[in-house]
Amino acid sequence: MLFDWLFRKKTGYPDFWKVYLSHFKNKSKSDITDTRFVAFDTETTGLDVKEDRVLSIGAVSIINKKIEVSNTFEIYLEQNIFKPETVKIHGLMRNGSEKKISELDAIKLFLDYIKDAIIVAHHASFDKRMINEILLRHGLGKLKNKFIDTGVLYKRSLHIIYQENTKPYSLDYLCKELNVPTVDRHTATGDALITALVFLKILSRLDKRKHLNWGYLLK
């Protein structure tokens, strides 16, 4: 690990990080329907972004208001930290049958998948911070992508008289309100797909109200 750090210090960032950054050069804002969104989710050993670790990452690509079912992303990470009490939530055993890869290989594949897409996640700040901690552990910068939180966007899509600050606007709550099936809930890929469906339902609602514009999505 020390040798890797010294090597990077001497020669700069690794090529995969430079390629990721290159996607953001001279980027102009395109039409919403032409923009690639990526809905993603992580399963983790817990909620402490410093101490806990990502166990799996799932993501689906959305373009032209459609989910690209042939272009999904799912990886499992080697479990250097194992918390058996969380297995009942995510179902991932340390020595389970899933093919697992190193944290560094995982972040390489994830960055190559997302590129400059706008990232969609539910309670996005947590997943974003978990990925940024991985990048930090490997001497890299933070994610450059713009983020949309489906919980925040859903609340914003409601008329102000229906917005309630006390409601959690959880993913389960949104699925019930928007009639989205909760198949494979609490798996990274399953939750990414559910988040994508919720996002598309909200987009449809905004489109009907003539609110579908970048200022509304990214404010």
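So, a few notes on the structure that sits alongside this text. (Residues numbered from 1 in each chain as written. Predicted model: local features only at pLDDT ≥ 70, side-chain atom pairs only at ≥ 80, totals over all residues. Heavy atoms only, no water.)

1. What about the packing of helix α4 (residues 103-114) against helix α5 (residues 124-137)?
Operational definition: Note on geometry: axes are C-alpha line fits, over the in-contact stretch for helices, and angles between N-to-C directions span 0 to 180 degrees. Helix and strand definitions follow DSSP, with helices as H or I runs of at least four residues and strands as E runs of at least two, each counted in order from the N terminus. Small angles under 35 degrees read as roughly parallel and large ones over 145 as roughly antiparallel, with 65 to 115 read as roughly perpendicular and the rest as oblique. Crossings are classed by handedness, with left-handed meaning an anticlockwise turn of the near helix from the far one by less than a right angle and right-handed meaning a clockwise turn. Throughout, a residue-residue contact means that at least one pair of heavy atoms, one from each residue, lies within 4.5 Å. Classification used: nonpolar for Ala, Val, Leu, Ile, Met, Phe, Trp, Tyr, Cys and Pro, charged for Asp, Glu, Lys and Arg, polar for all others including Gly.
Close contact between α4 and α5 brings their axes to 10 Å; oriented N to C, the two are set at 120°. Between α4 and α5, the interaxial angle falls into the category oblique. In the packing of α4 onto α5, the handedness of the crossing is left-handed. Counted together, Glu103, Ile107, Phe110 and Leu111 of α4 and Ile131, Ile134, Leu135 and Arg137 of α5 form the full contact between these two elements. Of the residues contributing to the contact of α4 with α5, the split by class is six nonpolar, no polar and two charged.

2. Brief notes about the packing of aromatic side chains
Put simply, the test is: Think of it this way: a Phe, Tyr or Trp ring, Trp meaning its six-membered ring, pairs with another when their centres are within 6.5 Å, and the plane angle makes it stacked under 30 degrees, edge-to-face over 60, tilted otherwise. Accessible area is worked out with a 1.4 Å probe on protein chains only. A residue is then buried under 20% of its type maximum, exposed over 50%, and partly exposed in between. For a Lys NZ or an Arg CZ to count as sitting over a ring, it must be within 6 Å of the ring centre and within 35 degrees of the ring normal.
Inspection of every chain in the model, using the stated rule, returns eleven aromatic pairs. With a centroid separation of 5.8 Å and an interplanar angle of 55°, the aromatic rings of tyrosine 154 and tyrosine 169 are classed as tilted. You can see tyrosine 154 sitting in helix α6 (residues 150-157) and its partner tyrosine 169 sitting in the loop between α6 and α7 (171-178), a full 15 residues away along the chain. Look at tyrosine 154 and you get buried, because its relative accessible area is 3%. Its relative accessible area of 4% is what places tyrosine 169 among the buried residues. Of the aromatic side chains, those joined through ring pairs into one cluster are Phe40, Phe73, Phe110, Tyr113 and Phe147. A cation over an aromatic ring shows up here: arginine 36 above the ring of tyrosine 113, its NZ or CZ 5.0 Å from the ring centre.

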